[in-house]
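Results of the structural survey
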Amino acid sequence: MTNPKSKSAAKTKAAGAASLPEAELQMIPLNKLVISPKNVRKTPATEDQDAELYASIKETGLKQNLLVHKVGAKYHVHAGGRRLAALNKLADDKVIKPSHPVACSVEDPDQAEDTSAAENMIRAAMHAADQFEAFAALRKKGRTEDQIASQFGITTDLVRRRLKLASVAPELMDIFRAGEMSLECVMAFTLTDDHARQIEAWEAVKQHYSPSPHSIRNHLTEKSYSGSSKLAKFVGIDPYRKAGGTVIEDLFAEHDAMHLEDPDLLEDLAIKKLQGLADETAKTWKWAEACLDVDYDSFRPFGRVYPQPLDPDPDLVSEKTKLQERHAVLEADYDEATWTEELQEEEDQIWKRLREIEAIEEANVAFTDDDYKIAGCIVSVSHNGEPRLEAGLVRPEDLPEPEASPCDQMGDESDAGDTPAASGPSIELPATMRQPDIPMNATDAARKAQGIPRSLADDLRATRHQIIRAHLAADYGTAYDAMLYAMVMSVLGNYRSQSPLDLSLRPASTTASQETLKDTVAERMLEALKDGLNLAWMEAKAPEDFQQLSQLYDVDKQALFAWCAAYALNQQLSNDSDANPVTEVIGSRLSVDVAACWRPGADNYWGRVKKDHAVETAKALIDDRWADDKSGLRKTEIAKAMEQAFCDTPQESAGLTAETAATTSRWLPDGMAVGDTEEAALTPGSDGTDATSASENPEALPAFMEDAA
């Protein structure tokens, strides 16, 4: 007997099934299919996406039928336009015939727009994690990377990257699926295949605000050397691998894509290579020493001998004289009306050759046999991975006893720079022996405690000077007042008056800091200002040049005045023992923001101060835990970590909290900050109005600075 309820349920199910629209499935020749204007997808896919679909259909066939409606003798495809295009390309490439049968669901034309919209909109894209695992599953089936790439129409490198992403720990992949980790963070974890290390790194970095790929990479590589580091370049990747060293390759990093995991092995290989060079050098010099790392103060304990000029080459001297004489003729006998392109080319060649000769003359020096007998050298690695030879160093115990002189017998001091020897070379005494024995002021004592050498203080002073000068060169009002003050103090003041400007208009001496001042924000500001100066009048001869200058607009004159005033600005750190307070007031009036123009980095600050100073600063501004974690690292590694924590964006670079980052991103060494913003706000503007409005936002950069930077 049949169950009535079963019959009823069967009828209901059948009725429900019948209520769903059914399409007629037919095999239609490809050459009868055309794209329908009712297809709602109008924006084409990318070439890469179309290439992937083409490769997939070519490899595995059409997995999803097309949806069409009949129009005359043709069938219009209203869903599946990309598949149709891929099939037509296969026909063009002679892979299939133009009449190749294609599975199509034939629908009523009135359903075309609805069906096309439903197919394109009501679907969910595959999660990236599922893509990685799908590639890994194909790899386990025995497919090669090339085969997978061919199947999906992508590059082998892209396949390799997706397989690498599939090696990330499942626990981390679940976090990624939940939307709690970015794809970039997942990429960072591929630096190691060790799931335990990956999870340990995540636990460490997730404590920080918004964990970043940078912080993950830093954690995974904190005990390794970058492939672009100077030691890696010096030793070479292949010799390191042959010695048993392991290498991590970051498939997703634009820079530092390789990391050497065994720092002890790398350092051992480097010191052995350096020692070989030192042994060879010791055949010439009295001694030679190999050092992995040297800093600015490494050579202070040594005296110095320097190579002396050799006799000049007579032929070069004669050639140089003739070139100079010819250039004098060109300047005397020709003017703008008679000057030609041939003469200009000749002058260019003369200048080029003169520079070559000067370079030869400068290089025409040599150490003497006496130098080799008393001095030695240190062999180290330069920043670009090349051997660096610092020659002519005299150890304190090798310094000869100076001869007694009449001045010595009278108690007078001789020149502190050189020591006269009974015979032999002239030796520059070590810096420590040349320093006079004078009481140390509070500023010098603080710098000594922080490990700030004289050369670093000079660089900081030069950097601060360049920044203030760039601001002064753009502010006519302040420049005018500063120059007027200097002129009056020079003419009407007493001899004790200290001027903020050098009225002889000589630039401050920053020769020793030239490398530090290259490609800085302030340098670009100064270049932009100089390019904007009206100097066309200088091409005229006197007195026409003065007449043309007199006819310039006031704005052009003011720009020239400010530039020249800034050119004469004296340099100082605010905590120098002889710092001029007027210079600080000038800087305050200019609202100079040193922190916006310069940040303490590994090369320009942290690598040149004491390790203890860096750690204590980190404790004071970040926290004890962060500082303690870094205190056991090598000095170069601490310097790199401090650079990241005190850069413009420490929240992203070092994973600091927003509150801490706001402090470290503005921190400056003692003496670098400029003036008091309140004092600057009370200084009247150049137009006689109150200048408070100009300093309402002391952190905002001047418009000219934003343009120049």
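Residues numbered from 1 in each chain as written. Predicted model: local features only at pLDDT ≥ 70, side-chain atom pairs only at ≥ 80, totals over all residues. Heavy atoms only, no water.

The helix and strand inventory of the chain stands at 34 helices and 16 strands. The proportion of buried residues among the 709 residues of the chain is 37%. Carbon together with sulfur atoms contributes 52% to the accessible area of the chain, which is approximately 41,000 Å² in total. (Helix = DSSP H or I, 4+ residues; strand = E, 2+ residues; numbered from the N terminus. Buried < 20%, exposed > 50% of the residue type's maximum accessible area, 1.4 Å probe, protein only. Areas by Shrake-Rupley, 256 points an atom, 1.4 Å probe, with all protein chains shown as cover.)

Turning our attention to the pattern of salt bridges. According to the stated counting rule, one finds 27 salt bridges in the structure shown. Of the charged contacts, one joins Asp 50 and Arg 82 as a salt bridge, the two residues approaching to 3.1 Å between their closest N and O atoms. Here Asp 50 is found in helix 2 (residues 47–60), whereas its partner Arg 82 is found in helix 3 (residues 81–92), with 32 residues between them in sequence. On the basis of relative accessibility, which here comes to 30%, the residue Arg 82 falls in the partly exposed class. (Salt bridge = Lys/Arg side-chain N within 4 Å of Asp/Glu carboxyl O.)

Our next topic: the nonpolar core. The tendency in soluble globular proteins is for nonpolar side chains to be buried as a group. With 58 residues, the main nonpolar core has Tyr 605, Trp 606, Trp 626 and Met 642 as its most contacted residues. Of all the secondary-structure elements, those providing two or more residues to this core are helix 21 (454–472), helix 22 (476–492), helix 23 (521–531), helix 25 (554–567), helix 27 (594–597), helix 28 (611–621), helix 29 (624–631) and helix 30 (635–645). In terms of residues, this core owes the most to one element, helix 21, which gives 7 residues. Contacts of Met 642, omitting those with residues within four sequence positions, involve Trp 606, Ala 614, Thr 617, Ala 618 and Trp 626. (Core = buried A, V, L, I, M, F, W, Y, C linked by side-chain atoms within 4.5 Å. Contact = heavy atoms within 4.5 Å.)

In an α-helix, one turn spans 3.6 residues, which is why side chains three or four residues apart end up on the same side. All of the buried residues along helix 30 are Glu 637, Ile 638, Ala 639, Ala 641, Met 642, Gln 644 and Ala 645. On its buried side, helix 30 packs onto helix 11 (213–221), helix 28, helix 29, helix 31 (650–653) and helix 32 (658–664).

Turning to helix 8 (residues 170–177), its buried residues number three or more, namely Leu 172, Met 173 and Phe 176. Seen along its axis, helix 8 keeps its buried residues to an arc of 100 degrees; they face one direction. Following helix 8 by one or two positions, Gly 179 adopts a phi angle in the positive range, close to 80 degrees. (Arc of directions from axis to C-beta.)

A separate point is the side chain of Thr 664. With respect to the helices and strands, Thr 664 occurs in helix 32. By relative accessible area, which is 0% here, Thr 664 ends up buried.

What follows deals with the packing of helix 21 against helix 23. In a pair of packed helices, the angle between the axes and the distance between the axes together describe the arrangement. Where helix 21 meets helix 23, the axes come as close as 9 Å, and the angle between the chain directions of the two elements is 30 degrees. In terms of axis orientation, helix 21 runs roughly parallel to helix 23. For the crossing formed where helix 21 meets helix 23, the hand is left-handed. Contacts between helix 21 and helix 23 involve Gln 466, Ile 467, Arg 469, Ala 470 and His 471 on the former and, on the latter, Ala 522, Glu 523, Met 525, Leu 526 and Leu 529. Its residues assigned to classes, the contact of helix 21 with helix 23 comprises 6 nonpolar, 2 polar and 2 charged. (Axes fitted to C-alpha atoms, helices over the stretch in contact; angles between N-to-C directions. Parallel < 35°, antiparallel > 145°, perpendicular 65-115°, else oblique. Left-handed = near helix turned anticlockwise from the far one by under 90°. Nonpolar A, V, L, I, M, F, W, Y, C, P; charged D, E, K, R; others polar.)

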